[in-house]
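Next come the chains, spelled out residue by residue.
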Amino acid sequence: MPRHDAVWLQHGGQRLGLLPTLGGAVAAWQCQTPQGEVNLWRPWDGSEDLYRCANFVMVPWSNRISQGGFADAQGHFHPMQPNRPGEPYPIHGDGWLQAWQCERHGDHAATLRLRSRHHGGNPYDYEAEQHFELNEGGLTHSVTVRHCGDEPLPYGLGVHPWFERTPGTRLQAPVQGVWTSGEDPIPTGYTTELPDDWNLTQGIPAHGSFIDNGFGGWGGTARIEWPERGVALSLQMLDFDANAPADARCCLVYRPPHGDAFCFEPITHPIDAFHMPGRPGLRELVRGELVSLRMRWAVAPQRA
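Rules behind the numbers
- Residues numbered from 1 in each chain as written.
- Predicted model: local features only at pLDDT ≥ 70, side-chain atom pairs only at ≥ 80, totals over all residues.
- Heavy atoms only, no water.
- Pairing = 2+ DSSP bridges.
- Helix = DSSP H or I, 4+ residues; strand = E, 2+ residues; numbered from the N terminus.
- Axes fitted to C-alpha atoms, helices over the stretch in contact; angles between N-to-C directions.
- 1 Å grid on protein atoms, 1.4 Å probe; cavity = no way out; pocket = protein on both sides within 12 Å on 5 of 7 lines; lining within 4 Å.
- Points joined across faces, edges and corners; volume = space filled by probe spheres on them.
- Nonpolar A, V, L, I, M, F, W, Y, C, P; charged D, E, K, R; others polar.

As recorded in an unreviewed UniProt entry, the protein chain goes by the name Aldose 1-epimerase, listed as coming from Aquincola tertiaricarbonis.

### Side note on the sheet that holds strand β4 (residues 36-41)
Pairing is antiparallel in the open sheet, where four strands are placed in the order β1-β2-β3-β4. Each end of this open sheet is capped by a strand with a single partner; those strands are β1 (7-11) and β4. Shown here is a sheet whose adjacent strand axes are inclined to one another by a mean of 20 degrees, direction ignored. Bridge count for strand β2 (residues 14-19) against strand β3 (residues 25-33) is six bridges, and the pairing is antiparallel. Residue pairing across strands places L18 opposite V26, the latter belonging to β3.

### Some words on the layout of surface pockets
When its volume is computed, the largest pocket comes out at roughly 470 Å³. Along the walls of the largest pocket sit 21 residues, with D239, D241, A248, T268 and S292 positioned nearest its centre. Secondary-structure elements contributing two or more residues to the lining of the largest pocket are β21 (231-238), β23 (261-267) and β25 (290-301). With four residues, the top contributor of residues to the lining of the largest pocket is β25. Along the lines of polarity and charge, the residues of the lining of the largest pocket split into 13 nonpolar, three polar and five charged. Within this model, the second largest pocket holds a volume of roughly 290 Å³.

### Description of empty space enclosed by the protein
Using the criterion set out here, one finds one cavity of 30 Å³ or more in the structure. By volume, the largest cavity amounts to about 30 Å³. What lines the largest cavity is W179, T180, S181, P185, P187, D212, N213, G214 and I271. Where the lining of the largest cavity is concerned, the elements lending two or more residues are β16 (177-180) and β19 (211-216). With three residues, the single largest contributor to the lining of the largest cavity is β19.

See below:
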């Protein structure tokens, strides 16, 4: 197995480990509390499986694309191949499948860069950049992608953090609805009628019925609480357009029935938006144009 050395940043009682050569992923984000060191994202287990990292970026699209690919604005069909064992669809883009370059900025910040040219036969030709900066009480993380190809293509972004779940862990985020699906995660409908244990606006436990769904009408904030650990983590999306259509303000929750973690994913478009009317949340970029995603994570004490 190739060796992937972590680049460690430190500031304000926090440690952030980056894995440039393993998909530009995060190995761990930890902070010191009166009770000791706490994992804010579930730490990497040392394997090659990106799903076992603490966090990874999704570029140049997030989640799944069905129907074997997509057509561009000119009607040209671009075939896309599955890119993860056991997955019938291409998933989470291709940035997570490539090695990035790292540039440090002192002890507390770093920038990761990727130049991707048609990885795995994909039509995408782009430059991507991630910037991580630890500050007092939290982390700022930005993702930017620039289209380098000659033909315009639709782009989307997302990040995929994993959170440890204790018996009391809860997640809260203001949303308006959810895309429904059958056994296949590809959406089949949308509803504003949320079951109680899916109602993110009121808050849901990290343990409960299975969720692998995108939520619409997101307000651009979220909060995860670990009362047993005395810590809460809040997310604020920067440059967030609260007036955008509901189907272009998206987040995704993955709450499996078993395992040590769950996911809350900020994303710019619904699952399989490539095949939805109007392609909500996707940005058609011409050569040189950018799309970005900026997040501020804040750590705070939480009463038990």
